[in-house]
Amino acid sequence: MSKVTVVGAGNVGATAANVMAIREVADEVVMIDIKEGVSEGKAMDMMQTANLLDMNTRICGVTNNYEATANSDVVVITSGIPRKPGMTREELIGVNAGIVKQVTESVLKYSPNAVIVCVSNPMDTMTYLIHKVSGLPKNRIIGMGGALDSSRFKYYLSKALGANPNEVEGFVIGGHGDTTMIPMRRFATLRGIPCETLLDKETMDKVVADTMVGGATLTKLLGTSAWYAPGAATAEVVEAVIHDQDAIIPCSALLEGEYGEKDLCIGVPCVLGKGGIKKICEIELNEEEKELFAKSAAAVHKTNEALPC
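Fair warning: this is a prediction, and the values are worked out from it, not measured in the lab. (Residues numbered from 1 in each chain as written. Predicted model: local features only at pLDDT ≥ 70, side-chain atom pairs only at ≥ 80, totals over all residues. Heavy atoms only, no water.)

Caption draft 1: Focus on the packing of helix α5 (residues 123-134) against helix α10 (residues 287-304). Relative orientation of the contacting elements α5 and α10 amounts to 60 degrees, with a least axis distance of 9 Å. The orientation of α5 with respect to α10, classified from their angle, is oblique. The chirality of how α5 crosses α10 is right-handed. Contact residues: α5 offers D124, T125 and Y128, while α10 offers V300, T303 and N304. Taken together, the residues of the contact of α5 with α10 break down into 2 nonpolar, 3 polar and 1 charged. (Axes fitted to C-alpha atoms, helices over the stretch in contact; angles between N-to-C directions. Helix = DSSP H or I, 4+ residues; strand = E, 2+ residues; numbered from the N terminus. Parallel < 35°, antiparallel > 145°, perpendicular 65-115°, else oblique. Left-handed = near helix turned anticlockwise from the far one by under 90°. Contact = heavy atoms within 4.5 Å. Nonpolar A, V, L, I, M, F, W, Y, C, P; charged D, E, K, R; others polar.)

Caption draft 2: Geometry of a nonpolar patch on the surface. A surface patch of nonpolar side chains, about 320 Å² in accessible area, is lined by I22, L52 and L53. A relative accessible area of 45% means that I22 is categorised as partly exposed. (Patch = residues over 30% accessible without salt bridge, like charges linked within 9 Å, V, L, I, M, F, W, Y side chains within 5 Å. Areas by Shrake-Rupley, 256 points an atom, 1.4 Å probe, with all protein chains shown as cover. Salt bridge = Lys/Arg side-chain N within 4 Å of Asp/Glu carboxyl O. Buried < 20%, exposed > 50% of the residue type's maximum accessible area, 1.4 Å probe, protein only.)

Caption draft 3: The environment of N65, seen in detail. Along the chain, the position of N65 falls in the loop between β3 (58-63) and β4 (74-77). Along the primary structure N65 and T180 are separated by 115 residues, whereas in three dimensions their C-alpha atoms are 37 Å apart.

What follows is the structure, given as structure tokens:
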């Protein structure tokens, strides 16, 4: 029996749970929230689609009852306040650090062997915080951001190309921030054809720029953080772990010399499977990419300095 806990039953957490249930990522999904009735109501609503969708995953919701999360294989942490228009992810650090620390300690009390997937913002710094407060092996802590940023990159590429999004490949490395992420234009392809040969420089520049502010664009439109793509990206990461897929997915991982960085969680391509991060894929960067990555890493290091611990 496989079990996933999602901490935080807001828009992102509930969407992640729903996608995991529909895709039958795990046998059981538990949602836990601090607000009475929210996780219970959303779980009930989802379960009422089970017959309609031929869904076999069992979903339950609880309020502040971490015993119900016991023996989870994967724990997803979405807790914290979401962005509002005009806010950066980094501005959330003060409030969210305390929440993430408390949640990490609570879930590990009942699921000491779980892989933790961090979604809370600022995501790279919250992932780093989980490393510091948990003492877990580095492979068992994953920051989700790169999966989401890469999905947005592929969306903007498909729009510019007028192509089926499922035929586009591309990925993003670096920090999960509006000025720190690095869409890897050199590796973007449409059915194996380099996108840089199909799009002019001006169009490709716009794709990269739109990707970098993809979250802020949605926050401005919606009045709060997005949830459909973040929830689905979270489910993709969890599925890779639970089903031992050996999938290469960009995510925030603790670097210990890779890419010339250490004591830092930042987005890089990783092989995900049973136990979490099986391998960090160290691709060869050109000089421009090395410079961008160094700047991104410096910005994340600076954000980490604001952590209260």
